[in-house]
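Listed below, chain by chain, are the residues.
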Amino acid sequence: MKKNQFNIGKIINTHGIKGEVKVLPLTDDPARFEDLEWVYLSYNNQLEKKIIQSIRYQKNNIILKFKDINSIDEIEKYKSCMLVIDREMAVELPENTYFIRDLIGVEVRLENGESLGKIIDVIETGSNDVYVIKPNKGSDILIPAIKQVIQHVDIEENIMIVKLLEGLIE
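Let me begin by describing the structure that accompanies this report. As the structure is a computational prediction, the values presented were derived from the model and not from experiment.

This next bit is on unusual backbone geometry. You will see that Ser80, though not glycine, has its phi angle at about 75 degrees, which is positive. Within the fold, Ser80 resides in the loop between helix H1 (72-75) and strand E6 (82-86). Positioned with a positive phi, Asn158 is a non-glycine residue whose angle comes to about 65 degrees. Within the element layout of this structure, Asn158 appears in the loop between strand E11 (150-154) and strand E12 (159-162).

Encoded structure:
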């Protein structure tokens, strides 16, 4: 998968005998699948374009049927495959929100220019995300993704400027 592509789901099982699959959505809005005409399936280190024929919802999963796949035998090989889309097909994000994959590797600096390290993970807590920063030395640093802390983000320049609140780092 390239930097300009996103995983939006994972096939977790077949569903029935007519070629449908059960997909675990890897997106905040599972309904976004309805806007897609096709996806890539990541299979054997290749991307295979598959046209979506139908979509149904089942609890926290999505049941997908692809055009020209009509039996469990034809779909079985795609179990555990990722569903991939191009960046242009991604949903439009609200201002000051970012795709996690764009934040990984961003250098985090204090307001005075001092480097704290790079973002290596984003923990989704429900109320606000928490950025995990790997410093040049020492333990990982956890910073809440709140506007009092995050002063500026420039994905193009790969830089985030933060203002540390008292007690965030020892």
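We are not done yet, so read on.
Quick look at the pairing of E12 now. Burial of E12 is two-sided: the residues Ile159 and Ile161 facing one way and the residues Met160 and Val162 facing the other way are all buried. Where strand E7 (residues 107-110) meets E12, 4 bridges bridge the pair, whose relative direction is parallel. Residue pairing across strands places Val108 opposite Met160, the latter belonging to E12. In terms of strand pairing, E11 meets E12 through 4 bridges, oriented antiparallel. Directly across from Val153, in E12, lies its bridge partner Met160. What sits between the antiparallel neighbours E11 and E12 is a turn of 4 residues, in which Asn158 has the positive phi angle 65 degrees.

This brings us to the side chain of Asn61. Tracing the sequence through the fold places Asn61 in strand E5 (residues 61-66). If near-sequence neighbours (up to four positions away) are discounted, Asn61 is found in contact with Ile12, Lys22, Val23, Leu24, Pro25 and Arg56.

Below, the discussion takes up the sheet that holds strand E1 (residues 5-15). With antiparallel pairing, 6 strands are arranged side by side around a closed barrel as E1-E2-E5-E4-E3-E6. Strand after strand, the sheet turns through a mean of 50 degrees between neighbouring axes, direction not considered. Of the strand pairs in this sheet, E1 and E6 are connected by 5 bridges, and their pairing is antiparallel. Counterpart to Lys10 in the pairing with E6 is Met82.

With that settled, the discussion passes to the environment of Leu116. Relative to the helices and strands, Leu116 is located in strand E8 (residues 115-124). C-alpha of Leu116 to C-alpha of Ile133: the two residues are 17 residues apart in sequence and 7.4 Å apart in space.

This part covers the sheet that holds strand E9 (residues 129-134). Pairing between the strands of a sheet comes from backbone hydrogen bonds, and it takes one of two forms, parallel or antiparallel. Taken in spatial order, the 6 strands line up as E10-E9-E8-E7-E12-E11 in an open sheet, and their pairing is mixed. Each edge of the sheet is formed by a strand with only one pairing partner; in this case those strands are strand E10 (141-144) and E11. The mean inter-strand angle of the sheet, taken between neighbouring strand axes irrespective of direction, is 35 degrees.

Definitions and cut-offs
- Residues numbered from 1 in each chain as written.
- Predicted model: local features only at pLDDT ≥ 70, side-chain atom pairs only at ≥ 80, totals over all residues.
- Heavy atoms only, no water.
- Helix = DSSP H or I, 4+ residues; strand = E, 2+ residues; numbered from the N terminus.
- Buried < 20%, exposed > 50% of the residue type's maximum accessible area, 1.4 Å probe, protein only.
- Pairing = 2+ DSSP bridges.
- Contact = heavy atoms within 4.5 Å.
- Axes fitted to C-alpha atoms, helices over the stretch in contact; angles between N-to-C directions.

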